[in-house]
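Coordinates in review
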Amino acid sequence: MRDHPALSFPQSLLASPPCPPSFSSAGSQLTQAARAFAALTDPGDRNAEILQLGQQAGLVLTHGADDLDPHFANPEGSTTQCGQEVTRWLSDELAARVSILCTACEHAATALRDGPAEAPQDLIRVHHFDSTAAVREAANRDEIADEDVIVVPSEDVVGFVVVAYAVAITKSSGSLPHLPRPARDYAGGSYLDSVLIAEREARALGLPLRDVPPAADHTHLATRPYAGPATA
């Protein structure tokens, strides 16, 4: 039996079956894309990384309608992760030679693999201000949100935001009000995570608290994360 030389990548690409009719573009455009793409795509250091990323994210390699780069798409979808129409699904043979990838599709696949990031509203953020007047202005401009912690070292004030208003938990309050009841108990304890983080900030600055917590109160630890060190 006569041996046949292995097909080159351009030949393999051109010989591979096209997408279903609903996904196909003009044949001449696909041919031109295949030839140009072949010059850019060869086995490379990134192939294993790309294939592994696609497998972990549950995506497959495809071509889109707008450029020559390989893309990721949901195997049951008709658009790439960057929003292009799928024009051709890459076979295992072709996928094994891919070493470049659409940047937007790579970012989308990485996000799918790593899972959703923690939503900003789930963080207790800490803000530093030059004055309590600046805190009030920031609250009026919606620059600080409900449950955020505020720190004003120049006035010995630490507090947190209740809905749209900042309140102080330190003895010094500047131009901010104090709560009518102990901060830990306010609103049925729904602000307790904010209060615990605010108390931590106050203790770090050596500031006395308006409401002194019980001496050995370890019954509750903050369950909500906060956004690292205090921000300017």
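What comes next concerns the included structure. (Residues numbered from 1 in each chain as written. Predicted model: local features only at pLDDT ≥ 70, side-chain atom pairs only at ≥ 80, totals over all residues. Heavy atoms only, no water.)

1. What about the overall build of the protein chain?
A tally of regular secondary structure across the protein chain gives seven helices and seven strands. Secondary structure elements in the protein chain, listed N-terminal to C-terminal, are α-α-α-β-β-β-α-α-β-α-β-β-β-α. By the burial criterion, 37% of the 232 residues in the protein chain qualify as buried. Sequence-distant contacts, at least 24 apart, represent 57% of the contacts inside the protein chain between residues at least 6 apart. (Helix = DSSP H or I, 4+ residues; strand = E, 2+ residues; numbered from the N terminus. Buried < 20%, exposed > 50% of the residue type's maximum accessible area, 1.4 Å probe, protein only. Contact = heavy atoms within 4.5 Å.)

2. Description of helix H3 (residues 47-57)
Listed in full, the buried residues belonging to H3 are Asn47, Ile50, Leu53, Gly54 and Ala57. Taken down its axis, H3 places every buried residue within 135 degrees of arc, on the same side. The outward face of H3, more than 90 degrees from its buried face, is lined by the exposed residues Ala48 and Gln55. Packing partners of the buried residues in H3 comprise strand S1 (60-64), strand S2 (70-73), helix H4 (92-95) and helix H5 (103-114). (Arc of directions from axis to C-beta.)

3. Observations regarding the sheet that holds strand S7 (residues 165-168)
A sheet is described by the order of its strands in space; here four strands give the open sequence S4-S5-S6-S7, paired in mixed fashion. Pairing within the sheet leaves two strands with one partner each, and these edge strands are strand S4 (126-128) and S7. Across the sheet, the mean angle separating the axes of adjacent strands is 30 degrees when strand polarity is ignored. When strand S5 (residues 149-152) meets strand S6 (residues 157-162), the two strands line up antiparallel, connected through four bridges. Residue pairing for S6: Val152 is matched across the bridge by Val157. Packed onto the sheet, helix H7 (residues 192-204) meets S4, S5 and S6 and runs at close to 165 degrees relative to S6. (Pairing = 2+ DSSP bridges. Axes fitted to C-alpha atoms, helices over the stretch in contact; angles between N-to-C directions.)

4. A few points about the sheet that holds strand S3 (residues 86-89)
A sheet is described by the order of its strands in space; here three strands give the open sequence S2-S1-S3, paired in antiparallel fashion. Two strands in the sheet have a free side with no partner beyond their single neighbour: S2 and S3. When strand polarity is set aside, the average angle formed by the axes of neighbouring strands in this sheet is 50 degrees.

5. A look at the environment of Leu90
With respect to the element layout, Leu90 can be found in the loop between S3 and H4. In sequence terms Leu90 and His63 are 27 residues apart; their C-alpha atoms lie 7.4 Å from each other.

6. Digging into unusual backbone geometry
Here the phi dihedral of Asp142 falls at roughly 60 degrees; this positive angle occurs in a residue that is not glycine. Here Asp142 shows up in the loop between helix H6 (132-140) and S5. Residue classification places Asp142 among the exposed positions, given a relative accessible area of 65%. Despite not being glycine, Asp156 shows a phi value in the positive range, around 55 degrees. Counting through the fold element by element, Asp156 comes out in the loop between S5 and S6. What makes Asp156 partly exposed here is its relative accessible area of 38%.

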